[in-house]
Amino acid sequence: MRWSQAFIPTLRDDPADAEAVSHKLLVRGGFIRQLMAGSYSLLPLGKRVADKITQIIRDEMNAIDGQEFELPVVHPGEIWKKTGRWDNVEGILVKFKDRKDTDLLLAMTHEEIFAFVASELSSYKQLPQMWYHFQTKFRDEARPKSGLLRVREFVMKDSYSFDIDEAGLDVQFQRHRAAYVRIFERLGMSVIPVAASSGSMGGSESIEFMVESSAGEDIIAVCSSCDYAANLERATSRVPVATDEPWEGDIERVATPDIRTIAQLAAAFEFASADRQIKSLAYIVDGQLTLVLVRGDHDVQEQKLIDGFGTEHIRPAHPEEIQEALGAMPGSLGAVGVTHLPVVADPALEGRSNMITGANEDDWHVRGVDIGRDIAVGRWLDVRAVTEGERCPDCDGVLALERTIEIGHIFKLGTYYSVPLGASVLDADGKEKPIVMGSYGIGIGRNMAAVVENSHDESGIVWPVNLAPYEAVITVVKIADEPSMAAAEEIYRGLLEAGIDVIIDDRNERPGVKFADAELVGIPYRITVGPRGLAEGIVEVVRRSGGDVARIALEEAAAHVASAVTTERF
């Protein structure tokens, strides 16, 4: 390819709406252009990178016996209604009707459709199976941002395993985990597998693959002493056992005019430090107002509530709903004496006494509360968000909170989809058994952006050789100089013959512009051909990563760069 003929619309300035580094550089480098919020076109450079990411993933999926499919993007609503997700993922699911008034949707994922296809399997002898495809998804994100990191339309590799039992699923799950680690190594990223919530996907277990980045929207808890790592939605920690001062007698009412927050109460009374307060939060769970209790210095992690109750239908209660049910507004709520509503409490409160909480009367609290005596806890459930510096649940190490980007996710689905969609087989005893499924996803564009977030400098992108749109660029200093063009063409032919992705920069531009574009785009090797060097029979080879410069004899240049490139490929 010749740069003068290529469509590489580089920009000198960052796009005005871009915050993430990857967003800025992928736009400035001519890789992507926004069509609308959360929807991007891949330009030729972007498509070349995406194709290389896709091929690496394909290689590793095939290595674990994957079979590639291509399933539709538009799905009949009937199938999603059978699994309940037609209603359970309201908000991001785009639904519409065709001319026959049939309910349809744009695929946000493909569990239902792969399970539908798997209903053609009939015998355990056909298992295990591992199927995958690369396909467009659409999720109507409320706040798409950061370029390719949070979009509405994207291409994902999703694969699905099918087994006769949980033991088979365990094997497939671990094979995928190992394959994902290899994929991310080949993409040049150091990945952290973490325990995660399955969310609306269903199933019993999931692992997210995270890469540290200041642009990330996910927080993970990582132990300093062992391999414990978990998304904040699943993370747990060891809370020191509290020693409560004795309290004699019944609970006591305390006037608290205009006090509505934990901090205000702690500041007003020396006996009301945050760790001695009971924070009472009201949620609507499947239509029922429910009190959720945590220690005053702790916060609720709402995904833990969702997972613990096994429903997506959870939201904070509105003030008028709270007033009607409890007789007070938020800030004066408590569970003492409450028997007409479900009460859920975090285990950090278990066994506590001499506590203070709202009296369910505006401007009043009660102190001397004994959890076991005074509050009818219906369920103890870990709903607390862990914080920096708490103790690891597995060892004596300390937890650190890291900001990360999720670049892959694997799920144990079990029979969540196979049962409602009739995907079953006959086992060795001739009995019908639902197929046990796993689901495994990697977003192509998100991984492209994550690589850029973790591999760039002040001049632009620094692509690993595996992913670079071109592995080498031949920069001709003076295109009007015939010997320079002849030498560049010779090197170009040599690199093509060696199987190197190479582009020759034959534009009539100043050398500084060409050098800046090559660095912005992130091409791993630049070969500079100019009259001064050719007078000595040499060309200059610059390695983008690290900026190492080598003076190489003209006749050896192609072989030198080809050897360097092939050594770095894997």
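Refer to the preceding data block for the structure.
Report follows, based on the coordinates. Here the structure is a predicted model, which is why all the values come from computation and not from measurement.

Definitions and cut-offs
Residues numbered from 1 in each chain as written. Predicted model: local features only at pLDDT ≥ 70, side-chain atom pairs only at ≥ 80, totals over all residues. Heavy atoms only, no water. 1 Å grid on protein atoms, 1.4 Å probe; cavity = no way out; pocket = protein on both sides within 12 Å on 5 of 7 lines; lining within 4 Å. Points joined across faces, edges and corners; volume = space filled by probe spheres on them. Helix = DSSP H or I, 4+ residues; strand = E, 2+ residues; numbered from the N terminus. Nonpolar A, V, L, I, M, F, W, Y, C, P; charged D, E, K, R; others polar. Axes fitted to C-alpha atoms, helices over the stretch in contact; angles between N-to-C directions. Parallel < 35°, antiparallel > 145°, perpendicular 65-115°, else oblique. Left-handed = near helix turned anticlockwise from the far one by under 90°. Contact = heavy atoms within 4.5 Å. Pairing = 2+ DSSP bridges.

### Re the layout of surface pockets
Looking at the largest pocket, its volume works out to about 1,600 Å³. Taken together, 50 residues make up the lining of the largest pocket; nearest its centre are Ile92, Arg139, Glu141, Glu406 and Arg446. Looking at which element gives the most residues to the lining of the largest pocket, the answer is strand S21 (residues 399–414), with 6 residues. Here the residues of the lining of the largest pocket sort into 18 nonpolar, 16 polar and 16 charged. What the second largest pocket holds in volume is close to 400 Å³. If you go around the second largest pocket, you meet 22 residues; those closest to its centre are Leu42, Ala50, Phe154, Val155 and Ile444. Per element, the largest residue contribution to the lining of the second largest pocket is 5 residues, and it comes from helix H2 (residues 44–63). Looking at side-chain class alone, the lining of the second largest pocket contains 11 nonpolar, 4 polar and 7 charged residues.

### Topic: the packing of H2 against helix H6 (residues 166–186)
It is the contact of H2 with H6, at a shortest axis distance of 10 Å, that shows an interaxial angle of 155°. As far as their axial angle goes, H6 and H2 are roughly antiparallel. Once H2 is placed against H6, the crossing between them reads as right-handed. Along the contact surface, H2 presents Ile56, Ile57, Asp59, Glu60, Met61 and Ala63, while H6 presents Arg175, His176, Ala179, Tyr180, Arg182, Ile183 and Arg186.

### Quick look at the sheet that holds strand S13 (residues 252–255)
Strand order in this open sheet of 3 strands is S13-S19-S18, and the pairing throughout is antiparallel. One side of each edge strand has no neighbouring strand; the edge strands of this open sheet are S13 and strand S18 (355–358). Going from strand to strand, the sheet's axes swing by 30° on average, the running direction of each strand aside. Here S13 pairs with strand S19 (residues 364–369) via 4 bridges, running antiparallel. Looking at S19, one finds that Val254 is bridged to His365.

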